[in-house]
Amino acid sequence: MEYTQLGRTGLKVSRLVLGTMNFGPQTDEADSHAIMDAALDAGINFFDTANVYGWGENKGRTESIIGNWFAKGGGRREKTVIATKVYGNMGPDGAPVWPNHDKLSAVNIRRAVDASLRRLRTDYIDLYQFHHIDRATPFEEIWQAIDVLVQQGKILYVGSSNFPGYKIAQANEAAARRAGTIGLVSEQCLYNLYERRAEMEVIPAARDYGLGVIPWSPLHGGLLGGIIKKEVQGGRRASGRAADTLKNPAARAQVQAYEDLLDKHGLEPGEVALAWLLTRPGITGPIVGPRTAGQLESALRAAELELSDDLLAGLDEIFPGPGPSPEAFAW
């Protein structure tokens, strides 16, 4: 496993990030623990979660599964860089949100950190991420709350998720006005071969401010994992983001061309989609969210895969990026 610095920090993290969103809803606790053990054995030290994972009436369940795994000992906590997130309402879906129980007010950040620490059964969080922008809370208030938590030793670094480029700039300019505040060190965004809009503003802003970029949904909900071939063979059918995309005939033709290209090269689509992200400038590592041990093994193979210049050019031809900003939209 290769490692890299997380943005401009001294923190070393693996080039693959273990996503845990399926732990609880899709994968039971025993299998989740086995996957985390296998990931650690393979050298993956960067695990990503969120306080709302578990979903529905089970929000927080995923953090609890990870906490129970840490509690087994064996150096699990010490070897793991744990990243979690704050923003969402922790009440059951559809229930009224009690004031100050979501988003990024100082009071909710303080409450949410303590709750995540209890569930994770640890006394500190390596990377605490803002799951979304909060238009109602000024960054001065957010950073004041974060500074206290850093001083208390409850969190070490702070990152963002789903931030547009201008919010990354606003956040770090506000941090720069505060002595001792390091600001955002990472951004977790939707980015993959099919969805490349992050190249216009988000990734350039992240690179200019020294943030590592952590792509989520690297297979675009399964779209880039050989979904058409699987459907033809009677396997897993597309759902969610992938199904919505395939309703568009032009998009379906793109995905078919992608699968045909990789079939000629004798390569697995999902592994190539991950390997492509590892070639992109500024990318720390994509989040892989295995439901099974087999899916983790596939992701590990992707980390060893080298893509030829010819293949990279073919991928760009099928899924062209937006081009540099501002030329992509201005000229």
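This report concerns the structure included in the present document. Note that the structure is predicted; figures quoted are calculated from it, not measured.

**Observations regarding the pattern of salt bridges**
Counted under the stated rule, the structure contains 16 salt bridges. The closest approach of N and O atoms between K85 and D48, which form a salt bridge, is 2.8 Å. Taken together, the residues K85 in strand β5 (residues 81–86) and D48 in strand β4 (residues 46–48) connect sequence positions 37 residues apart. D48 sits in the buried class, given a relative accessible area of 3%. For the salt bridge of R252 with E231, the shortest nitrogen-to-oxygen distance reads 3.5 Å. Residue R252 is located in helix α10 (residues 249–265), and its partner E231 is located in helix α8 (residues 227–232); the two are separated by 21 residues in the primary sequence. According to the relative accessible area criterion, E231 is buried, its value standing at 17%.

**Points about unusual backbone geometry**
For residues besides glycine, phi is generally negative; the peptide bonds are generally trans as well. P326 follows S325 through a cis peptide bond whose omega is 10°. With respect to the secondary-structure elements, P326 resides in the loop between α13 (309–318) and α14 (327–330). Of note, the phi angle at R121 is positive, near 55°, even though the residue is not glycine. Along the chain, R121 turns up in the loop between α4 (106–120) and β6 (125–130). Residue H220 is not a glycine yet carries a positive backbone phi of 50°.

**Quick look at the packing of helix α11 (residues 269–278) against helix α12 (residues 293–303)**
For the pair α11 and α12, interaxial distance at closest approach is 8 Å and the crossing angle is 45°. Of the possible angle classes, the one that applies to α11 and α12 is oblique. Crossing geometry of α11 relative to α12 is assigned as right-handed. Contacts from E271, L274, A275 and L278 of α11 reach α12 at S298, A299, R301, A302 and A303.

**Brief notes about the sheet that holds strand β7 (residues 155–161)**
In spatial order, the strands read β9-β8-β7-β6-β5-β4-β3-β10; together these eight strands make up an open sheet with parallel pairing. A single partner strand is all that each edge strand has here, and the edge strands are β9 (212–216) and β10 (287–288). Note that β7 and strand β8 (residues 184–190) share three bridges and pair parallel. By the bridge assignment, S160 is partnered in β8 with E187. Packed onto the sheet, α4 meets β5 and β6 and runs at close to 135° relative to β6.

**Considerations on the packing of aromatic side chains**
Counted by the stated rule, this structure contains eight aromatic pairs. Aromatic ring contacts, followed pair by pair, group F47, W69 and F70 into a single cluster. The side chain of R77 reaches across the aromatic face of Y124, ending 4.1 Å from its centre.

**What to know about α13**
Residues of α13 that are buried include every one of L311, G314, L315 and I318, and no others. All buried residues of α13 fall inside an arc of 100° around its axis, so they share one side. The exposed set on the far side of α13, more than 90 degrees from its buried face, consists of D309 and E317. As for α13, its buried residues are in contact with α10 and α11.

**Quick word on the layout of surface pockets**
Unfilled space is identified by rolling a water-sized probe across the atoms. The volume enclosed by the second largest pocket comes to roughly 220 Å³. Forming the walls of the second largest pocket are M1, E2, R15, A275, L278, T279, A302, A303, E304, L305, E306 and L307. Counting residues per element, the ones that place at least two in the lining of the second largest pocket are α11 and α12. Among the residues forming the lining of the second largest pocket, the class breakdown is seven nonpolar, one polar and four charged.

Criteria and thresholds
Residues numbered from 1 in each chain as written. Predicted model: local features only at pLDDT ≥ 70, side-chain atom pairs only at ≥ 80, totals over all residues. Heavy atoms only, no water. Salt bridge = Lys/Arg side-chain N within 4 Å of Asp/Glu carboxyl O. Helix = DSSP H or I, 4+ residues; strand = E, 2+ residues; numbered from the N terminus. Buried < 20%, exposed > 50% of the residue type's maximum accessible area, 1.4 Å probe, protein only. Axes fitted to C-alpha atoms, helices over the stretch in contact; angles between N-to-C directions. Parallel < 35°, antiparallel > 145°, perpendicular 65-115°, else oblique. Left-handed = near helix turned anticlockwise from the far one by under 90°. Contact = heavy atoms within 4.5 Å. Pairing = 2+ DSSP bridges. Phe/Tyr/Trp six-rings, centres within 6.5 Å; stacked < 30°, edge-to-face > 60°. Lys NZ or Arg CZ within 6 Å of the ring centre and 35° of its normal. Arc of directions from axis to C-beta. 1 Å grid on protein atoms, 1.4 Å probe; cavity = no way out; pocket = protein on both sides within 12 Å on 5 of 7 lines; lining within 4 Å. Points joined across faces, edges and corners; volume = space filled by probe spheres on them. Nonpolar A, V, L, I, M, F, W, Y, C, P; charged D, E, K, R; others polar.

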